[in-house]
Each structure stands twice: as structure tokens, then as C-alpha cells.
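Geometric and topological summary
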Amino acid sequence: MPAEDNTVRPFSIDFPQAELSELRRRINATRWPERETVTDDSQGVQLVMMQELARYWGTDYDWRKCEAKLNALPNFMTEIDGLDIHFIHARSRHEDALPLIVTHGWPGSIIEQLKIIDPLTNPTAHGASAADAFHLVIPSLPGHGFSGKPTTTGWDPTRIARAWVVLMKRLGYTRFVAQGGDWGAAVTQTMGIQAAPELLGIHSNMPGTAPADVTKAFERGDPPPSGLSDEERRAYEQLSNFYAKHVAYALIMATRPQTLYGLADSPVDLAAFMLDHGDGTGQPGLVEQVLQGHPAGDLTRDDILDNITLYWLTNTGVSSARLYWENKADFFDAKSISIPFAISVFPDELYQVPRSWAERAYPKNLIHYNRLDRGGHFAAWEQPDLFAAEMRASFRSLR
């Protein structure tokens, strides 16, 4: 077996024009179903919204703007454990900056994190102190974006977490912190469980905090256990509702990812499947508001299409789905993490973490807990300034 190539190679993005023309052709050739038989999105992503999105995507949307934005950043590729891993490596001009690895989720990508790069690497330009600067590493998960697609089984959050430590050490970082939401939370929390000596602490905006008995109950759809506070009961109802009504997308990917051929063949199917995930408050929730011309925070229609188009051009609809098949761990239960753990609670996340659950789960290592007044599941994308402020506050004590 050949030795692994440890080199870090510069990487740039340049999709052939023929692929962009073919994308438009497929969008405009979509065979549409009839409209839903209800007046809300209770049957899924609504026809009128999808047709309006497709009209814009198939005519005026310009991927090259996103491509230029990505190519203006330092992109790299390196092989870890036999797989090419793509990442952005944005170093701060402040030499004593704290290295931070930030991991996206599904249906997200590195595009979620682009707006936090300057606030975190160049804090003085954003009203913050040079002492709060970060060196940023933003990888694409295996099977996502520009990273390699695993050809064998085994690339679960545990293996990815180990790979991220290899990546950070390969970049010369001997002490660093980690952040993630969605799959990024699963990977980051697994890094916390593994507790590599170089890892100083972690942050999550979708942390696992629920007690074991409570987790079993909401996964089964049981009534709330007795003795929950008002805040705990609300979190319980949010999670119970998620498992009852909103988790179908994850179940199909966790059981039959290969069956999702439409994600590779139809841009509109890919877009609808991704949009159906929505934000924490509903399906499609926040993205629907944005697409209807009511921006939420910094999120725009082009942001959403940049992300979907990246999945299309890299043909990662199915390969990204396999992470659900690989994963065997729960998302929302308290984890056996003993290193410093910071938590930010955004109001439109899947659930609002009760302080009581966070303190019970991490009684000696909860270094930061804060409830924000806006933002949701894609916090770095929706509210980059708030998110950046949370990173500074969360990790200040670890510098």
C-alpha cells in the first residue's frame, strides 16, 4: 500500500461553462407535478415557490460570482486516511491568533461559513480586539463539496473527528479549538469525546444536552416526562415535534441513501430536497421567507442557490447522504465530554437548549452559555456578526 501523501496542495475552482449550461437546461426542462392540495407547506416544499426559484436559477442566477468569491480565499487539498480533504485556510495577520476549525453540516457546505472569515481573522476591522483573532480552517466534510467521496464504508463522525486533528496538526497547529453545528456539531462533539491533547475546547450551536431518559422519550414520541421545567418542556416539545414531523429526510438518507438518484439527475429535485430541511422553526421556514423576498439577517436568495449549486456541480447529493447511513450516534443526548465546552442558543434552532440541561450535562466544563435574540440553524450564514461575537466570547478564556 503506498504511503499517504501528506502534502498540502493549493486548490482552485473552475467549472466548465458546459456544466453551467447543462444545469440551466435541466432546470428549464423540469417536469413539474401538480400543486399541493393544501394552502401551507405541510405536504412539503410548495410548487409556486419552487417554480419561482427555478425561474431565477435557470435564467439570471450567476454561479461565477460565488466561484470568484471562493477563489479569492486560500483553498487547499490534502490526503488524510486515504481521502482527499478540501479546506479553506484563512490565517489572521495577528500572529498569536487562536486556530479554530469550523465544520458545516447538511444541507450546508463551506459556503455557510464565508461571512465569518473576515470578522474572525480580522477582528479590529469589525470593532473587536486583536486579542480575539482566529486562524480559520474550514473543511468540506467527506462526500461533500470538493472533498473526496469515500468509496468504502467507515467515514462516520468518529473517523472525521480524528481526521480533523490530523489536519490541524499537519497545518502546524499544536493547540486549537473546534466549532460546529448540525453534522459539524456531531463531528466537533466527537472531537470533544476523543479529547486530543492539542484540542483546548469546543463550541456548538446545536449541542447534545438532553438527559438519556428524556432522549428516549422524545425519540419514541412519548408525552413529556413529569418534573420538567417550562424551559425543559418547551425543548422537549420541539425535539418531539422534530422526530414526529420533520425527520423524514434524515430517515431516507440513513437507510437508503443510494436510492436518491433524483438528487444526481434533477437540479429541482436536489433543491427541493435540500430546502425541505428548512431551518429549525419549520419546513422550509427561514429559507422560504428569504426566497419570498423577506431576508432573515444576512441570508439571501443567492446564498441559498450558491449552496445548492455547489452540491449540483460536485454531484454530492448521494455521497453526502451516506453520512447519515454511516452515523450510529444520537444527536441531542448529553455526551461524555470533559474538555471545555461552549454553547450558543439561537432562537430558531431545532431546539433551544435549556440552561439546566447544559449545566447537568457538563457541570465542570461548561465555559460559556448564551441565548441569542435572533438566528437559527445556519447561524454563521444568517447572523455572521452575532456568531463571530459568540466565538470570541466562547474561547476567550482558553487563549
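Scroll up to find the structure this text is about.
All of these numbers come straight from a predicted model, not from anything done at the bench.

What counts, and where the lines are drawn
Residues numbered from 1 in each chain as written. Predicted model: local features only at pLDDT ≥ 70, side-chain atom pairs only at ≥ 80, totals over all residues. Heavy atoms only, no water. Helix = DSSP H or I, 4+ residues; strand = E, 2+ residues; numbered from the N terminus. Expected span 1.5 Å × (residues − 1). Buried < 20%, exposed > 50% of the residue type's maximum accessible area, 1.4 Å probe, protein only. Contact = heavy atoms within 4.5 Å. Core = buried A, V, L, I, M, F, W, Y, C linked by side-chain atoms within 4.5 Å. Axes fitted to C-alpha atoms, helices over the stretch in contact; angles between N-to-C directions. Parallel < 35°, antiparallel > 145°, perpendicular 65-115°, else oblique. Left-handed = near helix turned anticlockwise from the far one by under 90°. Nonpolar A, V, L, I, M, F, W, Y, C, P; charged D, E, K, R; others polar. Salt bridge = Lys/Arg side-chain N within 4 Å of Asp/Glu carboxyl O. Pairing = 2+ DSSP bridges.

Description of helix α6 (residues 183-194)
- Taking 1.5 Å as the rise per residue, α6 with 12 residues should run 16 Å; its terminal C-alpha atoms sit 16 Å apart, in good agreement.
- Counted residue by residue, α6 has 10 buried out of 12 residues, so it is predominantly covered.
- Of all the residues in α6, the buried ones are Trp183, Gly184, Ala185, Ala186, Val187, Thr188, Gln189, Thr190, Met191 and Gly192.
- Elements in contact with the buried residues of α6: β4 (98-103), α5 (157-170), β6 (176-180), β7 (199-204), α14 (317-326) and β8 (341-345).
- One or two positions beyond α6, positive phi appears at alanine 195, with a value near 50°.

Regarding the nonpolar core
- By size, the foremost hydrophobic cluster in this structure holds 125 residues, and its most contacted members are Trp63, Met191 and Leu275.
- If we ignore the near neighbours within four places in the chain, the residues touching tryptophan 63 are Ile13, Phe15, Leu20, Leu70, Asp306, Thr309, Leu310 and Leu313.

Description of the packing of helix α2 (residues 47-57) against helix α11 (residues 267-277)
- Two elements in contact, α2 and α11, have axes separated by 11 Å at closest approach and are oriented at 125°. Taken as axis vectors, α2 and α11 run oblique relative to one another. Crossing geometry of α2 relative to α11 is assigned as right-handed. Residues Met49, Met50, Leu53, Ala54 and Trp57 of α2 lie in contact with α11, whose contacting residues are Pro267, Val268, Ala271, Ala272 and Leu275.
- Partitioning the contact of α2 with α11 into residue classes produces 10 nonpolar, no polar and no charged.

Quick notes on the pattern of salt bridges
- In the structure shown here, the tally under the stated rule is 20 salt bridges.
- Here aspartate 14 ties to arginine 64 by a salt bridge, and the two come within 3.7 Å at their closest N and O atoms. Taken together, the residues span a long stretch of sequence, with aspartate 14 in the loop between β1 (8-10) and α1 (17-28) and arginine 64 in helix α3 (residues 63-71) at a distance of 50 residues.
- For arginine 64, a relative accessible area of 25% puts it in the partly exposed group.
- With its nearest N and O atoms 3.3 Å apart, the salt bridge here joins glutamate 52 to arginine 55. You can see glutamate 52 and its partner arginine 55 sitting in helix α2, three residues apart, about one turn around the helix.
- By relative accessible area, which is 37% here, glutamate 52 ends up partly exposed.
- Among the residues examined, arginine 55 registers a relative accessible area of 40% and is labelled partly exposed.
- In the salt-bridge network here, residues are joined through shared partners; they are Glu22, Arg25, Arg26 and Asp265.

Focus on the sheet that holds β1
- An order of β1-β2-β3-β5-β4-β6-β7-β8-β9 is seen for the nine strands of this open sheet, with the pairing classed as mixed. Taken across any chain shown, the strands that pair with only one partner, and hence form the sheet edges, are β1 and β9 (366-371). Across this sheet, the average inter-strand angle for adjacent strands is 25°, counted without regard to direction.
- Taken together, the five bridges between β6 and β7 define a ladder with parallel strand orientation. Bridge pairing in β7 places glycine 180 opposite serine 204.
- Along the sheet face, α5 touches β1, β2 (75-80), β3 (83-90), β4, β5 (134-139) and β6 and points at about 120° away from the line of β2.

Here's the deal with the environment of phenylalanine 332
- Looking at the element boundaries, phenylalanine 332 is found in the loop between α14 and β8.
- Considering only alpha carbons, one finds phenylalanine 332 and alanine 388, 56 residues apart in sequence, at a separation of 24 Å.
- The contact partners of phenylalanine 332, leaving out residues within four places of it in the chain, are Met206, Gly208, Thr209, Ala210, Phe218, Leu239, Phe242, Tyr243, Leu350 and Tyr351.

Remarks on the environment of valine 38
- Here valine 38 is to be found in the loop between α1 and α2.
- Separated by 10 residues in sequence, valine 38 and asparagine 28 place their C-alpha atoms 26 Å apart.

Here's the deal with the packing of α11 against helix α13 (residues 301-314)
- The N-to-C vectors of α11 and α13 enclose an angle of 125°; their axes lie 10 Å apart at closest approach. On the basis of their axis angle, the class for α11 and α13 is oblique. The interaxial crossing formed by α11 with α13 has right-handed handedness. The segment α11 lies against α13, with Pro267, Leu270, Ala271, Met274 and Leu275 engaging Ile304, Asn307, Ile308, Tyr311 and Trp312.

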